[in-house]
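As a plain string of letters, each chain reads:
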Amino acid sequence: MYANSCCSFLIVSFALFHICLGNLPPSIVPCHRDDPDINNCIIKAVEDLRPRLATGELGEGYRSPPLEPLYLDNIELSRGRQFEAVFSDMVVKGGSNFIINKLSANATNLSFDLVLTLPRLDFTGKYFMKLNILLLNIQGRGNMRGYCENAKALVKIRGVRVPMPDGLEYVRFTRMPLKINIDVFKLHLDNLFNGDRILGDVGNTIINDNQDLYLSEIIPGLERGLSKKFLDIANMMMANTTFDEMFPL
């Protein structure tokens, strides 16, 4: 369930940062910093890149991690004795269908505000979970599958220009807070209560019927964790990119 929130920002981050990098195929034209309509320029560039992002084949020998499907590493979540979960071997489909609802970009100040939606994500993987909800201790380990619809994220990206002795300015992102909202989410966990079918059905029903009880507790911590993770990813991707390459004159 949390993988879908993770994906919603990760997917568009890949798209936006690939647009901004200077080392793209010549067929992809970067947006100029003084473009009076830079917001729509970036959105159009992402839309033009969408088919290539799905396969990871950017053309002329350039590749990126494919979005269809998207593979995620372990996601570990914990809130004391109330909740503990590990999701692994995640395979997510539907990521290339993201919608950029709104983008406000200030290239000079390296400030970007982004609202995006993922209409639907389907995912499979493995899980380990301990959840105390409605006085019932739900636990299990095994395979999982599910989907979410209308996942939304509000992302704020802030960066600075770092002058170097060679006279060039490099880009470093300093903050990347995000807010996550999940509209529809359905999950099925195999092997709850050591495979007891009746208790397993009850456990899955309770999880799906009461998601707000634990999402409201978990999402703030998830937002902070993902913010740090994506900030590290962004700076890693931009490590060798100058400001002039990212947004030429």
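In short, a report on the structure. (Residues numbered from 1 in each chain as written. Predicted model: local features only at pLDDT ≥ 70, side-chain atom pairs only at ≥ 80, totals over all residues. Heavy atoms only, no water.)

To continue, consider the overall build of the protein chain. From N to C terminus, the protein chain includes five helices and 10 strands. Out of the 249 residues in the protein chain, the part that is buried amounts to 50%. In the protein chain, once contacts between residues fewer than 6 apart in sequence are set aside, the share between residues at least 24 apart is 70%. On the protein chain, roughly 12400 Å² of surface is accessible, and the fraction owed to carbon and sulfur atoms is 52%. (Helix = DSSP H or I, 4+ residues; strand = E, 2+ residues; numbered from the N terminus. Buried < 20%, exposed > 50% of the residue type's maximum accessible area, 1.4 Å probe, protein only. Contact = heavy atoms within 4.5 Å. Areas by Shrake-Rupley, 256 points an atom, 1.4 Å probe, with all protein chains shown as cover.)

Here helix α3 (residues 197–209) is 13 residues long and its end C-alpha atoms lie 18 Å apart, about the 18 Å a rise of 1.5 Å per residue gives. Listed as buried for α3 are Gly200, Gly203, Asn204, Ile206, Ile207 and Asn208. Its side-chain oxygen at 3.2 Å from the backbone nitrogen of Ile198, Asp196 defines the N-terminal cap of α3. (Expected span 1.5 Å × (residues − 1). Polar contact = N/O pair within 3.5 Å; in protein donor to acceptor, adjacent residues only side chain to side chain.)

It is worth spelling out the packing of aromatic side chains at this point. Using the criterion set out here, one finds two aromatic pairs in the structure. Judged by centre distance (5.9 Å) and plane angle (25°), the rings of Phe112 and Phe247 are stacked. In this pair, Phe112 sits in strand β7 (residues 111–133) while Phe247 sits in the segment after α5 (243–246), placing the two residues 135 residues apart along the sequence. Phe247 sits in the buried class, given a relative accessible area of 1%. Pairing Phe123 with Phe185 gives two aromatic rings, centres 6.2 Å apart and planes at 5°, and the pair type is stacked. Pair noted here: Phe123 is in strand β7 and Phe185 is in strand β10 (residues 178–189), with a separation of 62 residues, a long-range link. (Phe/Tyr/Trp six-rings, centres within 6.5 Å; stacked < 30°, edge-to-face > 60°.)

Applying the stated criterion to the full structure yields one disulfide. The disulfide that involves Cys31 links it to Cys41, with 2.2 Å between the sulfurs. Taking the torsion about the sulfur-sulfur bond, which here is approximately -100°, the covalent link between Cys31 and Cys41 counts as left-handed. Linking Cys31 in the loop between α1 (2–20) and α2 (38–55) with Cys41 in helix α2, this pair joins segments that are 10 residues apart in sequence. (Disulfide = S-S within 2.5 Å.)

We now examine unusual backbone geometry. A positive phi is found at Leu110, a non-glycine position, where the angle reads about 50°. Structurally, Leu110 can be placed in the loop between β6 (99–106) and β7. Not every positive phi belongs to a glycine, and Asn150 is a case in point at roughly 60°.

To continue, consider the environment of Asn194. Of note, Asn194 is situated in the loop between β10 and α3. In sequence terms Asn194 and Gln139 are 55 residues apart; their C-alpha atoms lie 8.4 Å from each other.

This part takes up the side chain of Thr242. Within the secondary structure, Thr242 sits in the loop between α4 (211–237) and α5. When neighbours within four sequence positions are excluded, Thr242 is seen to be in contact with Leu168, Glu169, Tyr170 and Val171.

For α2, spanning 18 residues, the distance from its first C-alpha to its last is 26 Å, which sits close to the expected 26 Å at 1.5 Å a residue. For α2, the principal kink sits at Leu49 and spans about 50°; a proline, Pro51, occurs within the next four residues. Buried within α2 are the following residues: Ile38, Ile42, Ile43, Ala45, Val46, Leu49, Arg50, Leu53 and Ala54. Trailing α2 by a residue or two, Gly56 shows a phi angle of about 85°, which is positive. (Bend = angle between axes of the 7 residues up to and from the residue.)

It is worth spelling out the pattern of salt bridges at this point. The full count for this structure, using the stated rule, is nine salt bridges. Between Arg33 and Asp244 there is a salt bridge, with its nearest N and O atoms 2.4 Å apart. Taken together, the residues Arg33 in the loop between α1 and α2 and Asp244 in helix α5 connect sequence positions 211 residues apart. Judged by relative accessible area, which is 45%, Asp244 ranks as partly exposed. The network of salt bridges with common partners includes Asp113, Lys156 and Arg158. (Salt bridge = Lys/Arg side-chain N within 4 Å of Asp/Glu carboxyl O.)

Further remarks concern the nonpolar core. Phe87, Met129, Phe173 and Phe247 are the most contacted members of the largest nonpolar core, which totals 63 residues. By residue number, the principal contributor to this core is β7, which donates 10 residues. (Core = buried A, V, L, I, M, F, W, Y, C linked by side-chain atoms within 4.5 Å.)

What is shown is where atoms sit, not what they do.
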